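Observations on chain architecture
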Amino acid sequence: MTMKELAKLCHVSVSAVSKAFCDADDIGKETKEHIFSVAKEQGCFGKFYKGKYNKKIIAVICPEISGDYYSVFVNMLKGLIEKNNGMCIISTDDFDAKKQSELIEYYISYLKVDGLFVMGLTAQLKKGYETPIVSIFSSADNKVDLVVTDMKLAVYEAIETLYFLGHRNIAFLGETLTTKKEECFINGVKQFDDIKYSLIKSEKRFEEAGYDCANKLLEEKENYTAVICGYDNIAIGAIKRFKETGIKVPEDISVIGIDNIQMSEFTETSLTSIDVNPKDICSIAYNLMEKKLENKYFKANQSIVIKPSIVIRESIGKVK
């Protein structure tokens, strides 16, 4: 069935059929309903209908959903989108800049989504994108609105907390994807003249990375009394290994994680962690998106920085 054939069956012009299926304003309601009715009888309604979906389609691109951290942000954004009568589409770029760029192009140019959240924009956007975009965590394009956590300040405050508890030998336990947090740690410890520090890195991820880093730390000649971990899963793995070797937390070694995932409060020794305040980040990011959806020329013209906080629990204490 062609559009010309459908127009003949409906006794209207091809132009009228085209306008009906595009939800044009300059065609009468009765004419439109008549065309739709005949099209459904002929089984070609879906073939021709080009009307706009009645919900805003918002895409979310995140690095991964296998860990707890990004899943929290994805679920919060999804909740906000759906609460405001939107539809959420989720994709992962697997920390691959090329894949992220392909996903952005696909969502904007082909799916024509109404808005896009990117967790860590890694490259400059192509010119000509009019779709509202908000980046979270970081952005390589300063023209894109950004909501970010002040991780440098957060890690410094974690070091300062340990310093006031008497710790002078502090190590950072990380993996290949925690390089930026490692840099924050280095900048932080350099603010204290009498802190000795070490950087321990694993090729593994999550709890396995923490377990591996703890083993490497135990091989160090220096007696480290505290560790700051790239994220909470690393801290949980490290604590397990410390306890296996008879090292008590926090009596022998203090441990701080980053991200404050839900599990951290319920581990055997509850974990002190840096809370990056995902609720505030997602709320502000979504408010930005709403303003951009209402006015495509709206721009915050700055990076909105959210202050993290340290949640003190059982895993840190004074040096013996």
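Scroll up to find the structure this text is about.
Below: a short report on this structure. Note that the coordinates shown come from a computational prediction; the quantities given were computed from them, not determined experimentally.

Brief notes about the pairing of strand β4 (residues 133–139)
- Counted residue by residue, β4 has 5 buried out of 7 residues, so it is predominantly covered.
- In the sheet, strand β3 (residues 115–121) pairs with β4 via 5 bridges, with the strands oriented parallel. The residue of β4 that forms the bridge with Leu 116 is Ile 133.

Looking at the sheet that holds strand β12 (residues 309–311)
- One open sheet holds the 6 strands; their spatial order is β7-β6-β8-β9-β10-β12, and the pairing between them is mixed. Taken across any chain shown, the strands that pair with only one partner, and hence form the sheet edges, are β7 (196–202) and β12. This sheet shows a mean twist of 20 degrees between the axes of neighbouring strands, independent of strand direction.
- Strand contacts of helix α7 (residues 151–164): β6 (169–175), β8 (226–229), β9 (254–258), β10 (272–275) and β12, with the helix running at about 170 degrees to β9, the strand carrying the most contacts.
- Strands β6, β7 and β8 of the sheet are contacted by helix α9 (residues 206–218), whose axis makes an angle of about 135 degrees with β7.

A look at the layout of surface pockets
- Each pocket or cavity is described by its volume, and for the largest pocket that value is around 960 Å³.
- Considering the residues around the largest pocket, the lining is formed by 35 residues, among which Tyr 70, Phe 137, Leu 177, Lys 180 and Lys 181 are closest to the centre.
- No other element matches helix α8 (residues 179–189), which puts 4 residues into the lining of the largest pocket.
- When the residues that make up the lining of the largest pocket are grouped by side-chain class, the tally is 15 nonpolar, 10 polar and 10 charged.
- Lining the second largest pocket are 18 residues, with Leu 125, Tyr 129, Glu 130, Thr 131 and Lys 143 positioned closest to its centre.

Considerations on a nonpolar patch on the surface
- A contiguous nonpolar surface patch, about 350 Å² in accessible area, is contributed by Tyr 106, Tyr 110 and Leu 111.
- By the secondary structure assignment, Tyr 110 is in helix α6 (residues 97–110).

What to know about the side chain of Thr 131
- Structurally, Thr 131 can be placed in the loop between β3 and β4.
- Other than its neighbours up to four places away in sequence, Thr 131 contacts Ile 108, Val 113, Asp 114 and Gly 115.

Comments concerning the side chain of Thr 149
- Here Thr 149 shows up in strand β5 (residues 145–149).
- Excluding residues that lie within four positions of it along the chain, Thr 149 makes contacts with Val 276, Ile 281, Val 305, Ile 306 and Pro 308.

Quick notes on the pattern of salt bridges
- Counted under the stated rule, the structure contains 15 salt bridges.
- Residue Arg 168 pairs with Asp 194 through a salt bridge whose shortest N-O separation is 3.1 Å. With a gap of 26 residues between them, Arg 168 in the loop between α7 and β6 and Asp 194 in the loop between α8 and β7 connect regions that are remote in the sequence.
- Notably, a salt bridge pairs Arg 205 with Glu 175, separated by 3.1 Å at the nearest N-O pair. Placement of the pair is Arg 205 in the loop between β7 and α9 and Glu 175 in strand β6, with a sequence separation of 30 residues.
- Here Glu 175 falls in the buried class, since its relative accessible area comes to 0%.
- One salt-bridge network, held together by shared partners, links Glu 64, Glu 175 and Arg 205.

Parameters at a glance
- Residues numbered from 1 in each chain as written.
- Predicted model: local features only at pLDDT ≥ 70, side-chain atom pairs only at ≥ 80, totals over all residues.
- Heavy atoms only, no water.
- Buried < 20%, exposed > 50% of the residue type's maximum accessible area, 1.4 Å probe, protein only.
- Helix = DSSP H or I, 4+ residues; strand = E, 2+ residues; numbered from the N terminus.
- Pairing = 2+ DSSP bridges.
- Axes fitted to C-alpha atoms, helices over the stretch in contact; angles between N-to-C directions.
- Contact = heavy atoms within 4.5 Å.
- 1 Å grid on protein atoms, 1.4 Å probe; cavity = no way out; pocket = protein on both sides within 12 Å on 5 of 7 lines; lining within 4 Å.
- Points joined across faces, edges and corners; volume = space filled by probe spheres on them.
- Nonpolar A, V, L, I, M, F, W, Y, C, P; charged D, E, K, R; others polar.
- Patch = residues over 30% accessible without salt bridge, like charges linked within 9 Å, V, L, I, M, F, W, Y side chains within 5 Å.
- Areas by Shrake-Rupley, 256 points an atom, 1.4 Å probe, with all protein chains shown as cover.
- Salt bridge = Lys/Arg side-chain N within 4 Å of Asp/Glu carboxyl O.

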